[in-house]
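Residues per chain are reported as follows:
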Amino acid sequence: MKKYIYLLLLFLLVIFSSCQKNTTGEKPVPSAEPNSISVSGETPAVTPDSTSGTSEKKEWKVAMIMPGKINDVSWNAAGYQGLMEAKKTLPIKFSYSENVSVTDAETAIRDYASQGYDLILAHSFNYGDSVKKVAKDYPAIKFGWATGIDSTENVTIYDWPAHQAGYLAGMLAASMTKTNKIGATGGFDVPDVVRALEAYKLGAKSVKPDIKVFITYLNEWDDVAKGKEAVIAQIEQGADIVYCNGDGISFGCIQACKEKGVYAIGGIADQYELAPDTVLTSTVLKVDTSITGMIKDLESGKFKDKYFYDMIEGGVDMAPYHGLENKIPAETKKLLAKTKEDIMKKKFTVPDIIKPEK
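About the thresholds
Residues numbered from 1 in each chain as written. Predicted model: local features only at pLDDT ≥ 70, side-chain atom pairs only at ≥ 80, totals over all residues. Heavy atoms only, no water. Helix = DSSP H or I, 4+ residues; strand = E, 2+ residues; numbered from the N terminus. Buried < 20%, exposed > 50% of the residue type's maximum accessible area, 1.4 Å probe, protein only. Contact = heavy atoms within 4.5 Å. Areas by Shrake-Rupley, 256 points an atom, 1.4 Å probe, with all protein chains shown as cover. Pairing = 2+ DSSP bridges. Axes fitted to C-alpha atoms, helices over the stretch in contact; angles between N-to-C directions. Salt bridge = Lys/Arg side-chain N within 4 Å of Asp/Glu carboxyl O. Phe/Tyr/Trp six-rings, centres within 6.5 Å; stacked < 30°, edge-to-face > 60°. Parallel < 35°, antiparallel > 145°, perpendicular 65-115°, else oblique. Left-handed = near helix turned anticlockwise from the far one by under 90°. Nonpolar A, V, L, I, M, F, W, Y, C, P; charged D, E, K, R; others polar.

Undergrad: An account of the overall build of the chain is needed here, citing residue identities and associated values.
TA: Summing up its helical and strand segments, the chain has ten helices and twelve strands in all. A total of 358 residues make up the chain; the buried ones form 49% of that total. Counting only contacts in the chain whose residues sit at least 6 apart along the sequence, the fraction spanning at least 24 positions is 68%. If you sum the accessible surface of the chain, you get close to 17,600 Å²; carbon and sulfur atoms cover 54% of it.

Right, here's the structure in full:
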């Protein structure tokens, strides 16, 4: 009798187990695997895990660490947008970390390296020591150092010849000024900032040789109050248009211009939305061009020591005039369009100056 009872219980157990299986024909959805870290105590957003399509190409894992927030309408926003744009055309999966301090950079980079990422981007000049240190321990992984000054066997530099756009910004400012005095601010006097501001000066003087150009380096990237204070000082000296080149300091710059009723030219990203009645245009860095170049070279096995795409190659550009289009004289727009065309056709070369002119 016990034998029959045992067999009956075993039969019922088999029936019950079979009822628990997925009968929809779909594979169970796996739990989400974390593919982003945050050393700042905040949890950054993560993009979808894979690209669409049926390409059989390798899916490349890309990570980026950033010094600020992706919604800063400046340096970090440009980096994030670069990842998003590159993902549209490349088989990549990316992660990112926001608000990574210099002291935490090595930990963040090393964490991504330990997860086997193919390309890790240190999106700040100040991350240089950290990225090179980690790269020595992971020779099979490629690393990118934004606006860096030297490369190694597996650390490349990605940067932008912002002097081309800076030159056009200077021409615009000189054409629009009524006081014959214009200003510009930069974070640090590092090459990528210096070349933009020195070209701004050259562009302005090509329109008005006797124009006065105030340039202030703040030795800060994110101090909004300091950026505002510096620009107010320039405005008090007569500047009626100011080029704002920096992260948080650009917010202060644009705020000062808005409050004092003068025009601003944004930098790095399209900053029109920060003050639609104030920002004439912006010089824009196209980070996706650099990321695309790096991924394509990873695919071909020909990774270079530097990725430096100019306006001709789609690395830098000028933002639209947006709602201030009708405030800019037709002659000025024509002049800028012609100069840009000459740059694109290599009829005119903007001097690339990487040390501040005293």
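So, next bit.
Undergrad: I'd like a rundown of the sheet that holds strand β11 (residues 306-308), residues and numbers included.
TA: Strands sit in the order β2-β1-β3-β4-β5-β11 across an open sheet of six strands; the sheet is parallel. Looking at the sheet topology across the chains shown, the edges are occupied by β2 (92-97) and β11. Mean inter-strand twist for the sheet, computed between neighbouring axes without regard to direction, equals 20 degrees. With four bridges joining them, strand β3 (residues 119-122) and strand β4 (residues 142-146) adopt parallel strand pairing. Pairing of A122 across the sheet is with W145, part of β4. Contacts from helix α3 (residues 102-114) reach β1 (60-65), β2, β3 and β4, with the element oriented near 170 degrees to β1.

Undergrad: Run through the pattern of salt bridges, naming residues and quoting values.
TA: Side-chain pairs of opposite charge can arise where the charged atoms are in close proximity. Counting across every chain of the model gives 17 salt bridges. Across the pair E198 and K201 runs a salt bridge whose closest N-O atoms are separated by 3.5 Å. Here E198 pairs with K201, and both are found in helix α6 (residues 191-207), just three residues apart, close to one helical turn. We classify K201 as buried; its relative accessible area is 13%. With its nearest N and O atoms 2.9 Å apart, the salt bridge here joins E341 to K345.

Undergrad: Describe the packing of aromatic side chains, and please don't skip the residues or the numbers.
TA: Going through the model one piece at a time under the given rule, you end up with eleven aromatic pairs. Both rings, one in Y80 and one in F94, keep their centres 6.3 Å apart while their planes meet at 80 degrees; by these two values the pair is edge-to-face. In this pair, Y80 sits in helix α2 (residues 75-89) while F94 sits in strand β2, placing the two residues 14 residues apart along the sequence. No difference in accessibility class separates Y80 from F94, as the two residues are buried. Here Y200 and Y243 contribute two aromatic rings whose centre-to-centre distance is 5.1 Å and whose plane-to-plane angle is 40 degrees, an arrangement assigned as tilted. With Y200 in helix α6 and Y243 in strand β8 (residues 241-244), this pair connects stretches of sequence that are 43 residues apart.

Undergrad: An account of the packing of helix α7 (residues 224-236) against helix α8 (residues 248-260) is requested, with residue identities and associated values reported.
TA: For the pair α7 and α8, the least separation of the axes is 7 Å and the interaxial angle reads 40 degrees. As far as their axial angle goes, α8 and α7 are oblique. The way α7 lies across α8 gives a crossing that is right-handed. Residue-level inspection shows V224, G227, K228, V231, I232 and I235 of α7 in contact with α8, the latter providing G248, I249, F251, G252, C253, Q255, A256, C257, E259 and K260. Across the contact of α7 with α8, the residue classes break down as nine nonpolar, four polar and three charged.

Distances and angles like these do not, on their own, reveal function.
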